[in-house]
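For reference, the chains in residue letters:
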Amino acid sequence: MTLSDNPNRQCGFVAVIGAPNAGKSTFVNQMVGAKVSIVTQKVQTTRRRIRGVALKDGAQIVYVDTPGIFKPRRKLDEAMVSAAWDGATNVDVLLLVVDAPSYYSHLADDRPGAASERAASNTNLIIDGLKKENRKAILVLNKIDLIPSQHLLTLIEHFNETDLFDETFMISAEKGMGTEDLEAYLAARMPAGPWMYPEDQLSDISDRLMAAEITREKLFLRLHQELPYSLTVETESWKRTKKKELRIEQVIYIERDSQKALVLGRGGHTIKAVGQTAREEMETLFGEKIHLFLFVKVRANWTDDPARFREMGLQPE
Ligand SMILES: Nc1nc2c(ncn2[C@@H]2O[C@H](COP(=O)(O)OP(=O)(O)O)[C@@H](O)[C@H]2O)c(=O)[nH]1
Ligand SMILES: [Mg+2]
């Protein structure tokens, strides 16, 4: 009998869906105990499905982080949203993560901000989608570090009326509050069966892709309001130098020449800072010295070109 045939083992999938910015990726990283999915304060940071693997009480829990679900406007939006819904199929548990403070301000505030309104309407869009498919889910009210508990009660009452949720958990994914109870609950719900991934594997994305995601995160964090929506990063070369050190070349794709100045920054300041922080994070992640080279190239109209989505992992399997 091999290790993975151990009859006491359990393994299953937990899909994590929600509006953009609800904290899905933060949650998955918290559960895995390592950063497998990039996180920023911007909506639409996660563009593809990413699996994060965690072990709890003999159960291997495979979390499926998904792009946010929202009302799509462009083809890239549509591809991301359908990747999110695809991620929610064939799983053992479906978690709906809700940004509790912003949903509360939509419910109760006289003048909720535009971002809260958008987040709440996207959450409602998902609830309608689940109802249509007759699916049950677990409600995860997130960011409870930012909301008084009596507001949480209002939210729970509101969501209970949907009749959609088997269970409700209140957590702060960022602070790790309430996550242990949820983890224990999920572990208990995983079906008996062999583990799908080796014990030390934390995610299903390759090092090359992870390296590209790290650089994209640093760009997202750096380019505030002026961030080109279409910006993408690809790892084009991954080689060893003569001294056996890792040399990574990446291309930052933008859609218009005019965006180049933005990404480079004055005197190349922005791209230099991005390169440095990205390199440092890669060195920690991969545990070795890295030489990182970033290039900026224009690739026109790719956000409307479905052929490109495959490269981003956005093609249905
Ligand atoms: N205060 C607080 N912020 C959070 C929490 N969880 C996520 N965030 C923040 O919310 C933003 C969106 O998080 P992210 O995980 O990228 O959301 P996603 O789009 O649903 O994957 C980031 O700025 C996070 O730092 C939380 O529990 N508390
Ligand atoms: Mg995300």
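Attention in this report is confined to the structure presented alongside it.

Rules behind the numbers
- Residues numbered from 1 in each chain as written.
- Chains lettered and ligands numbered in written order.
- Predicted model: local features only at pLDDT ≥ 70, side-chain atom pairs only at ≥ 80, totals over all residues.
- Heavy atoms only, no water.
- Axes fitted to C-alpha atoms, helices over the stretch in contact; angles between N-to-C directions.
- Helix = DSSP H or I, 4+ residues; strand = E, 2+ residues; numbered from the N terminus.
- Parallel < 35°, antiparallel > 145°, perpendicular 65-115°, else oblique.
- Left-handed = near helix turned anticlockwise from the far one by under 90°.
- Contact = heavy atoms within 4.5 Å.
- Nonpolar A, V, L, I, M, F, W, Y, C, P; charged D, E, K, R; others polar.
- Salt bridge = Lys/Arg side-chain N within 4 Å of Asp/Glu carboxyl O.
- Buried < 20%, exposed > 50% of the residue type's maximum accessible area, 1.4 Å probe, protein only.
- Expected span 1.5 Å × (residues − 1).

### As for the packing of helix H7 (residues 207-222) against helix H9 (residues 269-286)
Turning to step 1, where the next piece is worked out: Where H7 meets H9, the closest approach of the two axes is 9 Å, and the angle between their N-to-C directions is 140 degrees. Taken together, the axes of H7 and H9 lie oblique to each other. Of the two elements, H7 crosses H9, and the hand of that crossing is right-handed. Across from Asp-207, Met-210, Ala-211, Ile-214, Thr-215, Glu-217, Lys-218, Leu-219 and Arg-222 in H7, the residues of H9 making contact are His-269, Thr-270, Ala-273, Val-274, Thr-277, Ala-278, Glu-281, Met-282, Leu-285 and Phe-286.
Turning to step 2, where the next piece is worked out: In terms of residue class, the contact of H7 with H9 is made up of 10 nonpolar, four polar and five charged.

### Structural notes on the pattern of salt bridges
Turning to step 1, where the next piece is worked out: The full count for this structure, using the stated rule, is 13 salt bridges.
Turning to step 2, where the next piece is worked out: Salt-bridge contacts for Lys-260 lead to Asp-257; the nearest nitrogen and oxygen are separated by 3.8 Å.
Turning to step 3, where the next piece is worked out: When its relative accessible area of 28% is taken as the criterion, Lys-260 is described as partly exposed.
Turning to step 4, where the next piece is worked out: Put simply, Lys-35, Glu-217, Lys-218 and Glu-281 are held in one network by salt bridges that share partners.

### What about H7?
Turning to step 1, where the next piece is worked out: In this model, H7 (16 residues) spans 23 Å end to end at C-alpha, consistent with the 22 Å of a helix rising 1.5 Å per residue.
Turning to step 2, where the next piece is worked out: Every buried residue belonging to H7 is among Met-210, Ala-211, Ala-212, Glu-213, Ile-214, Thr-215, Arg-216, Glu-217, Lys-218, Leu-219 and Phe-220, and all of these are buried.
Turning to step 3, where the next piece is worked out: Where the residues of H7 are buried, they touch strand S2 (50-56), strand S7 (232-240), strand S8 (246-254), helix H8 (260-264), H9 and strand S9 (290-298).

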